[in-house]
Amino acid sequence: MNELHLAEQMAKVRTRARPWRSIFAAVLAVLAMAGSILARQQARAPGQRLPWQMAAVGCAVVFCILAFSATLGLSGRVRDLMLPRIGNSHATMVRLVLVLVGGLTTLVLTLQLFGLPVGQLVLGGALTGVLVGIAAQQTLANLFAGIILLLSRPFIVGEEVRLSSGPLGGEFQGTVLEIGLTYVRLQADDGDYHLPNAQILSAAVGPPTATEPETTVPPGAAADPGPAAGAVAGAEAVAGAEAVAQAGTEGDAQGHGGGPAAQR
């Protein structure tokens, strides 16, 4: 029991210390980059060029390692902070984007510290990125639409909504089950729908349409006859009462007329 409690305490301490280690690594990476730049400047002067060049290369390697470590640590911390709010899939996506941006920045700066021609590499990467963007236009549109849906929050998971969109082919109503990287999963009465994020972003979002409850007649109970049948039943009751009254009047008259004859 004590060992389990100690392990939980150690895990909490590590979780708290993780961002500080990443921040410390980022600070050391900046210092290593500055040292590499200064060493490369000193290597241009006549004299001991080889030691300064080795120092510049060593600082560049240290910068690359520390920068990648800081990028991974800080992106993981951002994921842990956003996980309770936006869910596992989107928190992982945010972490992936941060890792890609931080890794690309670290790579470009490291190449500059080594004195390599970064301009040509960046130009080639830009052209490649344009071609990939054109080829994956629909996928990227859904991806960025999913990010905007997370930030604007027109609806949340578990909420019942009504979506009206022409490109989607009409109106959809149901409960939001998941907001994924490219699709929104909606649970409707006739099944689950996977709707693209780009189309959801351009759709009109509103409250669900209220449905009137159906009235059911219990077994053995008579149905409501309605106002017309009630009026007919009332007229028949009045006619029956008049017939009974008339029959009573005729009976009284016959009783009075037969009295004297019986006496004679």
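Residues numbered from 1 in each chain as written. Predicted model: local features only at pLDDT ≥ 70, side-chain atom pairs only at ≥ 80, totals over all residues. Heavy atoms only, no water.

1. Structural notes on the overall build of the protein
Assigned secondary structure in the protein consists of seven helices and five strands. For the protein, the α and β elements follow one another from N to C terminus as α-α-α-α-α-β-β-β-β-α-β-α. Here the protein holds 264 residues, and 20% of them are scored as buried. Expressed as a percentage of contacts within the protein between residues at least 6 apart in sequence, the contacts between residues at least 24 apart total 52%. (Helix = DSSP H or I, 4+ residues; strand = E, 2+ residues; numbered from the N terminus. Buried < 20%, exposed > 50% of the residue type's maximum accessible area, 1.4 Å probe, protein only. Contact = heavy atoms within 4.5 Å.)

2. Describing the UniProt feature "transmembrane region" (unreviewed entry) in the protein
Per the UniProt annotation, the sites labelled "transmembrane region" (unreviewed entry) are residues 55–75, 96–115 and 121–151. The span residues 55–75 shows a helical share of 100% and a strand share of 0%, and its end C-alpha atoms are spaced 30 Å apart. Secondary structure over residues 96–115 splits into 90% helix and 0% strand, and the C-alpha atoms at its two ends are 29 Å apart. (UniProt positions renumbered as here; feature names shortened; annotations may be inferred.)

3. Looking at the confidence of the model for the protein
When pLDDT is averaged along the protein, the result is 74, and 68% of the positions lie at 70 or above. Within the protein, helix H7 (residues 226–263) has the poorest average pLDDT of any element, 53, and strand E4 (residues 191–196) the best, 87. Taken as a whole, residues 258–264 scores under 50 in pLDDT and shows zero contacts with residues more than four places along the chain or in a different chain. (pLDDT = per-residue confidence, 0-100.)

4. Describing a nonpolar patch on the surface
A grouping of Trp20, Ile23, Phe24, Val27, Leu28, Leu31 and Leu74 is seen on the molecular surface, where their side chains present a nonpolar patch of about 700 Å² in accessible area. Of the residues forming the nonpolar patch, the biggest block, six residues, is contributed by helix H1 (residues 2–44). Along the chain, Leu74 turns up in helix H2 (residues 49–86). (Patch = residues over 30% accessible without salt bridge, like charges linked within 9 Å, V, L, I, M, F, W, Y side chains within 5 Å. Areas by Shrake-Rupley, 256 points an atom, 1.4 Å probe, with all protein chains shown as cover. Salt bridge = Lys/Arg side-chain N within 4 Å of Asp/Glu carboxyl O.)

5. Quick word on the packing of aromatic side chains
For any pair of aromatic rings, the description consists of the separation of the ring centres together with the inter-plane angle of the planes. Counted under the stated rule, the structure contains one aromatic pair. Consider the rings of Phe172 and Tyr193, whose centres lie 5.0 Å apart with planes at 70°: the pair is edge-to-face. Residue Phe172 is located in strand E2 (residues 170–179), and its partner Tyr193 is located in strand E4; the two are separated by 21 residues in the primary sequence. (Phe/Tyr/Trp six-rings, centres within 6.5 Å; stacked < 30°, edge-to-face > 60°.)

6. Some details on the pattern of salt bridges
Pairing of side chains with opposite charge becomes possible as their charged atoms draw close. Overall, the coordinates contain four salt bridges when judged by the stated rule. A salt bridge links Asp80 to Arg79; the shortest N-O distance between them is 3.6 Å. Relative accessible area serves as the criterion here: at 30%, Asp80 is assigned to the partly exposed category.

7. Observations regarding the environment of Arg49
Looking at the element boundaries, Arg49 is found in helix H2. Under the relative-accessibility criterion, Arg49 is labelled partly exposed at 43%. The spatial distance from the C-alpha of Arg49 to the C-alpha of Ala39 is 9.4 Å, given a sequence separation of 10 residues.

8. A look at the pairing of E2
Looking at chain direction, strand E1 (residues 160–165) and E2 are connected through six bridges and run antiparallel. Looking at E2, one finds that Leu163 is bridged to Phe172. Two successive antiparallel strands, E1 and E2, enclose a turn made up of four residues, where Gly169 displays a positive phi of approximately 90°. Relative to strand E3 (residues 183–188), E2 runs antiparallel, the two being bridged by four bridges. Along E3, the bridge assignment pairs Thr175 with Gln187. The antiparallel hairpin formed by E2 and E3 contains three residues in its connecting segment. (Pairing = 2+ DSSP bridges.)

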